Amino acid sequence: MRRAMAMAMAAAWAEQGKASYENTCLFMREEVRGMFAHAFSGYMRHAFPHDELRPIACDGKDTFGKYALTLVDSLDALAIMGFQSEFETGIEWTANHLTFDYNETVSVFETNIRVLGGLLSAHMLAVDPLSPAYLKGYAGKLLVLAHDLGERLLPAFVTETGLPYGAVNLVHGVAENETTITSSATAGTLLLEFVTLSRLTGDDRFENVARRSMFALWARRSALDLVGGHLDVRSGNWTHQDAGIGSSIDSFYEYLYKSYLLFGDPEYLHMFKQAYTATLKYLKRGPWYVEVNMNSGTLVWPVFNSLQAFWPGLQAMVGDLDMASETFDAFFEVWKNYGSIPEGFNIQLQKPQQAQLAYPLRPELIESAYHLFLSTHDKKYLEAGTTFLRSLQLMKTECGYATLESVLTWEKRDQMESYFLSETLKYLYLLFSSCADPNRTIMHGSRQQYVFTTEGHLLPIIQNISSMIERKYDLSFEDSIDLSTCRRSNPIWVPPIPS
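It should be emphasised that the depicted structure is a prediction, and the values quoted were computed from it without experimental measurement.

Draft legend 1. View of the overall build of the chain. Helix and strand counts for the chain stand at 16 helices and 19 strands. Taking all 499 residues of the chain together, the buried fraction comes to 62%. Taking as baseline every contact in the chain between residues at least 6 positions apart, the subset at least 24 positions apart corresponds to 71%.

Pasting the structure below:
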């Protein structure tokens, strides 16, 4: 039935002329906007200021750090979709009430991409007079918050290797018994946010630790130019030597290339080319990608991991459109057969992997459809977008959208991750928006070009990013701070906790 629905949608798009399908895109875009409004208002009404909405129970829960995660993660999505009043209100609440002075141990990776990235993106939209989201009276407090949060993450980088711990306490730093095992994604997914923070504040500590981490990871690649999944931050030794483009590694590739696009550093492009070439040589199997031993190239895991679905979009950005299209088509076949993609799909058996049956509202395949449509203008990606939209509508609840516990039974789980708003619906909105708008702009009325972080946050491509901001924010940091003595970062500004 799901496959038949997808085929019917494809036929409907094929019959439309250019003017007609642009009108259809406008309609579909507004439908996505309505979905976002339903999910966001459900969160604000039933879950805020908790981190996430439970869309079946219609209440909230804290999952990462008690910092109103879904709001912060969604701020730039509000701006993109034209919810300017909600954007302004969200900025005001965040500036006046958000604090990171909690005795909470948080994921360095998730806190960086979801919270730090969310603050930076919203700040840059709010201060840009050419942005439709420009806020004339905004005083820059989100940048102050971002700097505070960045300082609280710095203790994770106090290692001999330069590789960061995977978790850090927001008040006390790294616990004595904290695991020393970190992922390649943690070490390699820092540059966009941390370098931007340094360029906006003049505090180069963040750029320095992010670069050191990326180069420390790359220096430990195998003779095949592959990296594994996990390594020890103290010894630098690999503890998980499976190389792939999915879980634990995916955004390492993404940030090499996007850091080159955003900052223009040819070192990142050189590293990316080596890593990309090795991936095609050792991991590609037809349209699929597998996991292999990083040292020998021996196959270890013939499974399509759902996080791999970003790859065709990255290839579209690089310009390898034929390979990107082939891989997207293979991944999309899985979606058409099950109405979504499971966390794991066995390539050899051509069926979902047991114990990896869930679909937690992930955005990656939709993200790839968006980038491929931008590069090709091929209507098949609009057809795919319609299929995505209709599938997601079936996951709707009274106050949000629910994770699928199993793509086989479609049993729902009471969870709506913040990235459903910051990425999944954002990319679906932009897919139809780019069809409806012949200028292919991300924000209506602005021709600014952006790079998306791995969490879908917008960072503008500006030749000298530090020139965008007047140095008028009291950040009160010391240029000479020695990282080796950094155990606890004292907050530079702590807003009141809301009553």
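Draft legend 2. Focus on the state of the cysteines. All chains considered together, the criterion is met by 2 disulfides. Here Cys25 pairs with Cys435 through a disulfide, and the sulfurs are 1.9 Å apart. Note on the Cys25 and Cys435 pair: the S-S dihedral is about 85 degrees, so by sign convention the disulfide is right-handed. Here Cys25, found in helix α2 (residues 18–46), pairs with Cys435, found in helix α16 (residues 419–436); they are 410 residues apart in sequence, far enough to count as distant. In this model, Cys58 is linked to Cys399 through a disulfide, with the two sulfur atoms separated by 2.2 Å. Given an S-S torsion of about -110 degrees, the disulfide between Cys58 and Cys399 has left-handed geometry. Here the residue Cys58 occupies a position in the loop between β1 (52–54) and β2 (59–61), and Cys399 occupies one in the loop between α15 (380–393) and β16 (403–404), the gap between them amounting to 341 residues. The burial state of Cys58 is the same as that of Cys399; both residues are buried.

Draft legend 3. Structural detail: helix α8 (residues 191–201). In terms of residue burial, α8 counts as a mostly covered element, since 10 of its 11 residues are buried. Inspection of α8 places Leu191, Leu192, Glu193, Phe194, Val195, Thr196, Leu197, Ser198, Leu200 and Thr201 among the buried residues, and these make up the whole buried set.

Draft legend 4. Structural detail: the packing of aromatic side chains. In total, this model carries 30 aromatic pairs according to the counting rule given. Ring-pair connections join several aromatic residues into one group, and the members of that group are Trp218, Phe252, Tyr253, Tyr257, Phe272, Tyr276, Tyr289, Phe310 and Trp311. Across the ring face of Phe83, the terminal group of Arg33 is positioned such that the distance to the ring centre comes to 4.0 Å.

Draft legend 5. Examining the sheet that holds strand β6 (residues 230–232) more closely. Read across the open sheet, the 3 strands follow the order β5-β6-β7; overall the sheet is antiparallel. Looking along the sheet, the strands with just one partner apiece sit at the ends: β5 (181–183) and β7 (238–240). Neighbouring strand axes in the sheet, compared pairwise and without regard to direction, differ in orientation by 35 degrees on average. Bridge count for β6 against β7 is 2 bridges, and the pairing is antiparallel. Within β7, the residue paired with Leu231 across the bridge is Trp238.

Draft legend 6. Seen up close, the nonpolar core. Counting 162 residues, the largest nonpolar core has Phe87, Phe252, Phe388 and Leu392 as the members making the most contacts within it. Broken down by element, this core gets its largest block of residues, 12 residues, from helix α5 (residues 108–127). Filtering out sequence-adjacent residues up to four positions away, Leu392 remains in contact with Met35, Tyr359, Leu361, Ile366, Tyr401, Phe420, Thr424, Leu425 and Leu428.

Draft legend 7. A look at the sheet that holds strand β8 (residues 242–243). Strand order in this open sheet of 3 strands is β8-β11-β12, and the pairing throughout is antiparallel. Because the sheet does not close on itself, it has two edges, and the strands there are β8 and β12 (299–301). Across 2 bridges, β8 lies against strand β11 (residues 291–293) in antiparallel orientation. The residue of β11 that forms the bridge with Ala243 is Val292.

Draft legend 8. Spotlight on the environment of Ser235. Within the fold, Ser235 resides in the loop between β6 and β7. For Ser235, a relative accessible area of 40% translates into the label partly exposed. Separated by 54 residues in the primary sequence, Ser235 and Ile181 have C-alpha atoms spaced 9.9 Å apart. In this structure the side chain of Ser235 is engaged in a polar contact, spanning 3.1 Å, whose partner is the backbone nitrogen of Asn237.

Draft legend 9. Highlighting the environment of Ala278. Within the element layout of this structure, Ala278 appears in helix α11 (residues 266–282). By relative accessible area, which is 4% here, Ala278 ends up buried. Here the alpha-carbon distance between Ala278 and Gly297, two residues 19 residues apart in the chain, equals 10.0 Å. The contact partners of Ala278, leaving out residues within four places of it in the chain, are Leu224, Asp225, Leu226 and Leu283.

Draft legend 10. Fine view of the pattern of salt bridges. If you walk through the whole model with that rule in mind, you get 23 salt bridges. Here Arg54 and Asp414 are joined by a salt bridge, their closest N and O atoms 4.0 Å apart. Linking Arg54 in strand β1 with Asp414 in the loop between β17 (412–413) and α16, this pair joins segments that are 360 residues apart in sequence. On the basis of relative accessibility, which here comes to 31%, the residue Arg54 falls in the partly exposed class. Among the ionic pairs, Arg362 bridges to Glu343, the shortest N-O distance being 2.9 Å. Linking Arg362 in the loop between β15 (351–352) and α14 (364–376) with Glu343 in the loop between α13 (321–338) and β14 (344–346), this pair joins segments that are 19 residues apart in sequence. No difference in accessibility class separates Arg362 from Glu343, as the two residues are buried.

Draft legend 11. Spotlight on the packing of helix α6 (residues 141–153) against α8. The contact between α6 and α8 brings their axes to 11 Å, and the two run at 125 degrees. When the interaxial angle is binned, α6 and α8 end up oblique. Handedness of the crossing formed by α6 with α8: left-handed. The residues of α8 that touch α6, namely those facing Leu143, Ala146, His147, Gly150 and Leu153, are Phe194, Leu197, Leu200 and Thr201. Residue classes in the contact of α6 with α8 are distributed as 6 nonpolar, 3 polar and no charged.

Rules of the game
- Just so you know, the residues in each chain are numbered from 1, in the order the chain's sequence is written.
- For this predicted model, a pLDDT threshold of at least 70 governs which residues receive local features, and a threshold of 80 or more governs which side-chain atom pairs are given and counted, while totals over whole chains, interfaces and linings are taken from all residues.
- Note that the side-chain values use all heavy atoms of the structure and ignore hydrogens as well as water.
- A helix here means a DSSP run of H or I that spans at least four residues, while a strand means a run of E at least two residues long, and both kinds are numbered starting from the N terminus.
- Here's how the labels work: a residue is buried when its accessible area is under 20% of the maximum for its type, exposed when over 50%, partly exposed in between, all with a 1.4 Å probe on protein chains only.
- In this analysis, two residues are considered to be in contact whenever any of their non-hydrogen atoms come within 4.5 Å of each other.
- By disulfide we mean two sulfur atoms from cysteines, separated by a distance within 2.5 Å.
- Think of it this way: a Phe, Tyr or Trp ring, Trp meaning its six-membered ring, pairs with another when their centres are within 6.5 Å, and the plane angle makes it stacked under 30 degrees, edge-to-face over 60, tilted otherwise.
- Criterion for a charge above a ring: Arg CZ or Lys NZ at most 6 Å from the ring centre, at most 35 degrees from the ring normal.
- One requirement defines pairing of two strands: DSSP has to find at least two bridges between them.
- Geometry is summarised by axes, namely lines fitted to C-alpha atoms with helices restricted to the contacting stretch, and by angles between N-to-C directions that run from 0 to 180 degrees.
- Each nonpolar core is a collection of buried residues, namely Ala, Val, Leu, Ile, Met, Phe, Trp, Tyr and Cys, held together in the definition by side-chain atoms within 4.5 Å.
- Any pair of N or O atoms that falls within 3.5 Å is considered a polar contact. Within protein, one atom must be able to donate a hydrogen and the other to accept it, and sequence-neighbouring residues count only if both atoms are side-chain atoms.
- Criterion for a salt bridge: a side-chain nitrogen of Lys or Arg within 4 Å of a carboxyl oxygen of Asp or Glu.
- Angular relationships are summarised with four words: roughly parallel below 35 degrees, roughly antiparallel beyond 145, roughly perpendicular across 65 to 115, and oblique for the angles in between.
- Here a crossing is taken to be left-handed if its near helix is turned anticlockwise relative to the far helix by less than a right angle, and right-handed if that turn runs clockwise.
- Polar here means any residue other than Ala, Val, Leu, Ile, Met, Phe, Trp, Tyr, Cys and Pro, which are nonpolar, and Asp, Glu, Lys and Arg, which are charged; Gly is therefore polar.

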